[in-house]
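Spelled out, the chains give:
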Amino acid sequence: DAGITQSPRYKITETGRQVTLMCHQTWSHSYMFWYRQDLGHGLRLIYYSAAADITDKGEVPDGYVVSRSKTENFPLTLESATRSQTSVYFCASSPIPPNYGYTFGSGTRLTVV
Amino acid sequence: DQQVKQNSPSLSVQEGRISILNCDYTNSMFDYFLWYKKYPAEGPTFLISISSIKDKNEDGRFTVFLNKSAKHLSLHIVPSQPGDSAVYFCAASEAYNQGGKLIFGQGTELSVKP
């Protein structure tokens with residue numbers, strides 16, 4: 001299916017565990033982004049990528065790692081999950097931001113217990 | 001330090017009336033602004049945008065106004081419909097300096113009553 005897909009949709013993990021959220025897009029968009037949504041904070045940028053093998057930090061990168069070996073995939077890894085990382089995570093892609101806006105995935109709801 | 005602020009967490013409007021959602025920003029380098037709409041359990045979807053060289057952009061029932069001197073933008077929905085009930089996020093970008101990455105506000109939940 002064409003579009004941008006995130007997996008899993010829901011995840012519960014324990015404090016200290018490593019967890020990876022997946023993001024896949026089929027448009028070959030150059031730019032990809034990871035945001036987290038929290039009540040009172042809106043959407044905050046974690047990491048972004050302008051192309052394969054090019055990544056950069058956003059507003060709240062601590063505790064997260066990203067990689068982009070292929071244009072279509074942009075996984076986000078929580079190296080040692082903490083309760084403060086309980087959130088809804090959104091991946092987005094864009095051909096030429098911001099003029100064409102972003103297209104967002106449906107999100108992953110992560111709960112760290 | 002919140003560079004983009006939506007100070008109204010919620011707004012309730014009667015069907016057929018105008019909805020006005022507001023957004024303020026602090027970074028004078030922002031030169032592109034967007035509004036996104038989000039339904040529960042879905043990702044945000046792009047609604048409308050405006051460049052800093054304009055002060056108004058219209059698309060059907062949706063109009064965005066930009067007041068650069070006040071660092072303020074607003075989204076007008078006329079007439080409002082029950083299907084417009086959603087969370088609305090404004091976003092801003094330094095289009096050419098920061099790779100187009102978007103900074104979002106906290107969101108305003110709009111409820112349109114039949």
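Right above here is the structure, for reference.
1. A few points about the overall build of chain A
Right, on to step 1. A tally of helices and strands in chain A yields zero helices and 11 strands.
Right, on to step 2. Its helices and strands taken in sequence order, chain A reads β-β-β-β-β-β-β-β-β-β-β from the N to the C terminus.
Right, on to step 3. Over its C-alpha trace chain A gives a radius of gyration of 13 Å, about what one expects of a compact globule, namely 13 Å for 113 residues.
Right, on to step 4. Here the C-alpha coordinates of chain A stretch approximately 35 × 30 × 25 Å along the principal axes.
Right, on to step 5. Here chain A holds 113 residues, and 46% of them are scored as buried.
Right, on to step 6. Entry remark: accessible area of chain A is about 5500 Å², with carbon and sulfur atoms responsible for 47%.
Right, on to step 7. The averaged location of the 9 negative side-chain charges in chain A is 7 Å from the averaged location of its 10 positive side-chain charges.

2. Describing the interface of chain A and chain B
Right, on to step 1. Residue-level contacts link 22 residues of chain A with 22 residues of chain B.
Right, on to step 2. Ranking the residues of chain A by area buried against chain B places Leu43, Pro98 and Tyr102 of chain A at the top, with a combined share of 30%.
Right, on to step 3. At the surface where chain A touches chain B, the tally comes to zero salt bridges.
Right, on to step 4. Applying the counting rule to chain A against chain B returns four residue pairs in polar contact (both at pLDDT 80 or more).
Right, on to step 5. Looking at the side of chain A that touches chain B, the elements that each hand over two or more residues are strand S4 (31-38) and strand S5 (42-51) of chain A.
Right, on to step 6. Across the side of chain A that touches chain B, the residue classes break down as 11 nonpolar, eight polar and three charged.

3. Quick word on the sheet that holds strand S8 (residues 76-78) of chain A
Hydrogen bonding along the main chain pairs the strands of a sheet, whether they run parallel or antiparallel.
Residue and element names in this part refer to chain A.
Right, on to step 1. Taken in spatial order, the four strands of this open sheet run S1-S3-S8-S7, and their pairing is antiparallel. Either end of the sheet is taken by a strand with one partner, and the two such strands are strand S1 (4-7) and strand S7 (64-66). On average, adjacent strands in this sheet sit at an angle of 15° to one another, irrespective of strand direction.
Right, on to step 2. As judged from the three bridges shared by S7 and S8, these two strands associate in the antiparallel manner. Counterpart to Tyr64 in the pairing with S8 is Leu78.

4. Digging into the side chain of Gln6 of chain A
Residue and element names in this part refer to chain A.
Right, on to step 1. Looking at the secondary structure, you find Gln6 in strand S1.
Right, on to step 2. A polar atom in the side chain of Gln6 sits 3.0 Å from the backbone oxygen of Tyr89.
Right, on to step 3. Among the polar contacts made by the side chain of Gln6, one reaches the main-chain amide nitrogen of Gly107 at a distance of 3.1 Å.
Right, on to step 4. Look past the residues within four positions of Gln6 in its chain and what remains in contact with it is Met22, Trp34, Tyr89, Phe90, Cys91, Gly105, Ser106, Gly107 and Thr108.

5. Regarding the layout of surface pockets
Right, on to step 1. Space inside the largest pocket adds up to approximately 620 Å³.
Right, on to step 2. Lining the largest pocket are 33 residues; nearest its centre among them are Gln37 and Arg109 of chain A together with Lys38, Pro40 and Val87 of chain B.
Right, on to step 3. Elements with a contribution of two residues or more to the lining of the largest pocket: S4, strand S9 (87-94) and strand S11 (108-112) of chain A together with strand S9 (86-93) and strand S11 (108-113) of chain B.
Right, on to step 4. For the lining of the largest pocket, the leading source of residues is S11 of chain B, giving four residues.
Right, on to step 5. The class makeup of the residues in the lining of the largest pocket is 13 nonpolar, 14 polar and six charged.

6. Description of the pairing of strand S5 (residues 45-51) of chain B
Residue and element names in this part refer to chain B.
Right, on to step 1. For S5, the buried fraction is high: five of the seven residues fall into the buried class.
Right, on to step 2. Here strand S4 (residues 32-38) runs beside S5; their pairing, made up of six bridges, is antiparallel. Bridge pairing in S5 places Phe33 opposite Ile50.
Right, on to step 3. Connecting S4 to the antiparallel partner S5 that follows it, the hairpin turn spans six residues, and Ala41 within it adopts a positive phi of roughly 65°.

7. Quick notes on the nonpolar core
Residues and elements named next belong to chain B.
Right, on to step 1. Among the nonpolar cores identified, the biggest contains 24 residues, and Val4, Phe33, Trp35, Leu73, Leu75 and Tyr88 are the most heavily contacted of them.
Right, on to step 2. Elements that contribute at least two residues to this core include exactly strand S3 (19-25), S4, S5, strand S7 (62-67), strand S8 (72-77), S9 and S11.
Right, on to step 3. Looking at this core, the element that brings in the most residues is S9, giving four residues.
Right, on to step 4. Excluding residues within four positions of it along the chain, Val4 makes contact with Cys23, Asp24, Tyr25, Phe30, Cys90, Ala92, Ile103, Phe104, Gly105 and Gln106.

What counts as what
- Residues numbered from 1 in each chain as written.
- Chains lettered and ligands numbered in written order.
- Predicted model: local features only at pLDDT ≥ 70, side-chain atom pairs only at ≥ 80, totals over all residues.
- Heavy atoms only, no water.
- Helix = DSSP H or I, 4+ residues; strand = E, 2+ residues; numbered from the N terminus.
- Rg over C-alpha atoms; globule rule 2.2 N^0.38 Å.
- Buried < 20%, exposed > 50% of the residue type's maximum accessible area, 1.4 Å probe, protein only.
- Areas by Shrake-Rupley, 256 points an atom, 1.4 Å probe, with all protein chains shown as cover.
- Lys, Arg positive; Asp, Glu negative; His and termini not counted.
- Charge placed at Lys NZ, Arg CZ, Asp CG, Glu CD.
- Contact = heavy atoms within 4.5 Å.
- Buried area = accessible area lost by both parts, 1.4 Å probe.
- Salt bridge = Lys/Arg side-chain N within 4 Å of Asp/Glu carboxyl O.
- Polar contact = N/O pair within 3.5 Å; in protein donor to acceptor, adjacent residues only side chain to side chain.
- Nonpolar A, V, L, I, M, F, W, Y, C, P; charged D, E, K, R; others polar.
- Pairing = 2+ DSSP bridges.
- Axes fitted to C-alpha atoms, helices over the stretch in contact; angles between N-to-C directions.
- 1 Å grid on protein atoms, 1.4 Å probe; cavity = no way out; pocket = protein on both sides within 12 Å on 5 of 7 lines; lining within 4 Å.
- Points joined across faces, edges and corners; volume = space filled by probe spheres on them.
- Core = buried A, V, L, I, M, F, W, Y, C linked by side-chain atoms within 4.5 Å.

Just distances and angles here, no functional claims.
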